[in-house]
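# Chain and residue survey
Take a look at the letters that make up each chain.
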Amino acid sequence: MSNNVMVFAGYTGAGFKKSAFEAVSEGRRLANRLNGVLTAVVIGSGTKETALELARYGADRILTCDHPALEDFDPDRYTAILTDIVKQYPPAILLLGSSYNDKNIAARLAARLDTGAATECLEFALDSDRLVATRPLYGGKLMAQVTLEGTPQIACIRSNVFPIAEDMKAAEQVMIEPNLAEPKTRVVEKKLKNSDKVELTEADVVISGGRGMGSSDFSLLEKLAELLGGAVGASRTAVDEGWRPYPDQVGQTGKVVSPKLYVACGISGAMQHLAGMSSSECIVGINRDPDAPIFNYADYCVVDDLFKVLPALIEEIKGQQ
Amino acid sequence: MDIVVLMKQVPDTAALIQISEDNVSIKTEDVKWVINPYDELAVEEAIRIREKQGGGKVIILTAGAGSASATIRTALAMGADEGILISDPALENSDPQITAKVIAAVLNNVNFDLIIAGPRAVDDDSSYVPAAISEYLGVPLLSTVIRQEISNGKIQCEQTVQDGSIVLEANLPAIITTQRGLNEPRYPSLANIMKAKKKSIVTKTLADIGLSSEQKLIKTKIVSLAYPPRRNAEKVIVEGASAEEKAARLLNLLQDKAGIL
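This section reports on the structure supplied with the text.

Parameters at a glance
Residues numbered from 1 in each chain as written. Chains lettered and ligands numbered in written order. Predicted model: local features only at pLDDT ≥ 70, side-chain atom pairs only at ≥ 80, totals over all residues. Heavy atoms only, no water. Phe/Tyr/Trp six-rings, centres within 6.5 Å; stacked < 30°, edge-to-face > 60°. Helix = DSSP H or I, 4+ residues; strand = E, 2+ residues; numbered from the N terminus. Buried < 20%, exposed > 50% of the residue type's maximum accessible area, 1.4 Å probe, protein only. Lys NZ or Arg CZ within 6 Å of the ring centre and 35° of its normal. Salt bridge = Lys/Arg side-chain N within 4 Å of Asp/Glu carboxyl O.

Two aromatic rings are characterised by how far apart their centres lie and by the angle between their planes. Residues and elements named next belong to chain A. Per the counting criterion, the structure on display carries six aromatic pairs over all chains. Seen in terms of ring centroids, phenylalanine 21 and tyrosine 57 are 4.7 Å apart; in terms of plane orientation they differ by 40°. Their pairing is tilted. Placement of phenylalanine 21 in helix α1 (residues 18-34) and of tyrosine 57 in the loop between β4 (38-44) and β5 (61-66) is noted, with a sequence separation of 36 residues between them. Given the relative accessible area of 7%, tyrosine 57 is considered buried. Taken together, Tyr11, Phe16, Phe21 and Tyr57 form an aromatic cluster joined through their ring pairs. Looking at lysine 103, its charged tip hangs above the ring of tyrosine 100, at a distance of 5.7 Å from the centre.

Here's what the structure looks like:
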């Protein structure tokens with residue numbers, strides 16, 4: 001039985017997702033405890049050079065599949081390639097990142113190999129060399145410890161939870177010839193805003209707006225987020241009102257974020273919103289209503305008009321820079 | 001055009017969740033069950049497609065405990081045509097992999113042109129089932145869709161991604177998952193609630209669909225449940241005579257005390 005760990009490092013044309021580095025770092029820690037080899041797998045177009053970055057986070061071996069036909073994510077193609085790799089280099093544990101694509105591949109691979117898979121993992125322990133993963137249930141109201149049957153044990157991590165740690169290795173790179181499965185879907189059009197904005201779930205700072213915003217004008221939040229290198233989120237109300245796009249929603253029916261700093265502006269703090277942000281390191285609530293439930297969960301409570309507090313905060317930060 | 005909606009009933013997101021004595025399941029007595037919010041969008045979209053195409057039926061498929069028939073009935077009252085409930089004591093503490101296998105086994109014997117599902121259920125948040133079904137049945141998956149159009153045996157979908165959207169096309173049969181914004185689910189009218197009582201819900205056991213021992217099927221096993229550590233919020237009131245003073249004080253606190261920014 002192998003004690004090796006494999007990490008599928010999610011790559012986009014712009015580079016690695018942050019959760020790829022988080023997964024490789026955690027993979028290194030698990031490989032150390034198991035005395036195993038850590039293999040990172042990179043699939044995409046133009047990945048040959050970039051893949052080598054993963055040596056810095058502890059990859060002993062970097063399997064790279066670089067082909068122009070892999071520029072757009074295709075679940076069938078990616079799964080076919082990864083299945084071949086897993087069969088050739090069988091790992092005890094396969095870690096993936098937190099994106100939808102990562103979860104898509106994890107589910108397909110688990111179905112193909114008839115093995116256990118868990119998504120949204122927050123912590124890993126080992127029990128006689130088998131993985132015990134901690135993952136949230138019911139929007140974080142409960143924490144479950146789960147074990148995974150079969151090999152490999154497949155687990156997707158949640159963003160912004162596992163620390164990134166440097167541990168330089170003299171990694172060996174192996175190029176993999178892709179087995180190009182026939183894609184079942186075709187891309188007709190891409191409507192991308194092409195910005196270099198930070199992904200909501202990967203941001204260290206999230207500035208969110210709710211009902212108290214009163215309109216779709218989120219420019220103050222955008223400005224503050226830009227100054228702090230963060231992302232803008234929204235409550236369900238703000239999204240339902242059409243003020244912000246659906247992918248920006250934080251909460252049990254939206255995204256779960258765990259940034260270092262979460263600023264809730266004009267958000268009352270409904271249970272389903274708290275499920276999406278209560279694991280943030282530091283929470284600031286800005287709300288005119290001193291009885292808003294958000295203040296029971298905030299580290300810093302600013303009881304005032306957000307349209308007065310935010311401009312002043314922006315000026316203060318600008319003054320310091 | 002026959003459409004299958006994969007539906008799951010989940011505890012209301014506002015419900016209090018309590019761990020049972022066995023420490024691996026939850027107390028279900030006082031829980032208010034609802035249709036998984038993403039699946040509600042799926043039911044609505046399926047009905048709209050049937051109305052637009054002017055024919056075919058919408059089948060609601062659920063794998064779960066017996067009480068799920070109440071939520072299937074709600075979907076029938078919205079306008080779905082029939083329900084299939086896979087109910088078996090062996091499914092009590094199942095995992096998403098079993099659910100996917102069970103659903104795929106049923107769908108092998110059902111005619112469909114399209115499957116619509118939520119991308120994830122808000123209870124276990126696995127995001128597992130749609131991709132696994134796509135894998136088991138060999139049908140294309142189009143995820144987190146906000147708009148779809150069907151013509152000439154093809155479906156075109158706009159799916160949300162980070163930073164925008166991508167329009168994808170695939171041949172039918174296919175499986176699509178919903179994203180908030182796809183539609184506004186209707187409330188069942190009283191007349192339709194009455195009508196739904198006469199609609200058929202077929203209940204099947206694992207044996208009926210040719211699957212047996214669950215022990216061999218379980219791949220992701222919950223070994224224990226716990227309440228998360230309570231967040232120890234500092235709850236510091238940021239004082240100041242004006243909004244400006246409070247802003248300055250907040251920045252100060254964040255930098256000096258919290259050590260961020």
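Past the structure itself, the notes keep going.
This part is about unusual backbone geometry. Most peptide bonds are trans, and most residues other than glycine sit at a negative phi. Between Thr151(A) and Pro152(A) the backbone carries a cis peptide bond, its omega angle lying at -5°. Following Leu172(B), the chain continues into Pro173(B) via a peptide bond in cis, with omega recorded as 0°. By the secondary structure assignment, Pro173(B) is in the loop between β9 (164-171) and β10 (174-178). Even without a glycine there, the phi angle at Asn35(A) is positive, about 55°. You can see Asn35(A) is positioned in the loop between α1 and β4. In this structure, Ser128(A) is a non-glycine residue whose phi angle is positive, near 50°. By secondary structure assignment, the location of Ser128(A) is in the loop between β8 (123-127) and β9 (130-137).

Going through the model one piece at a time under the given rule, you end up with 33 salt bridges over all chains. Here Arg28(A) ties to Asp60(A) by a salt bridge, and the two come within 2.9 Å at their closest N and O atoms. Remark: Asp60(A) occurs in the loop between β4 and β5 and Arg28(A) occurs in helix α1; sequence separation between them is 32 residues. The buried category is assigned to Arg28(A), whose relative accessible area is 6%. A relative accessible area of 23% places Asp60(A) in the partly exposed class. Among the salt bridges present, the one from Lys8(B) reaches Asp123(B), with a minimum N-O distance of 3.1 Å. Here Asp123(B) lies in the loop between β6 (114-117) and α4 (129-137) and Lys8(B) lies in the loop between β1 (3-6) and β2 (9-11), a separation of 115 residues in the sequence. Its relative accessible area of 8% is what places Asp123(B) among the buried residues. Connected through salt bridges with shared partners, the residues Asp76(A), Arg108(A), Arg112(A), Lys184(A) and Glu135(B) form a single ionic network.

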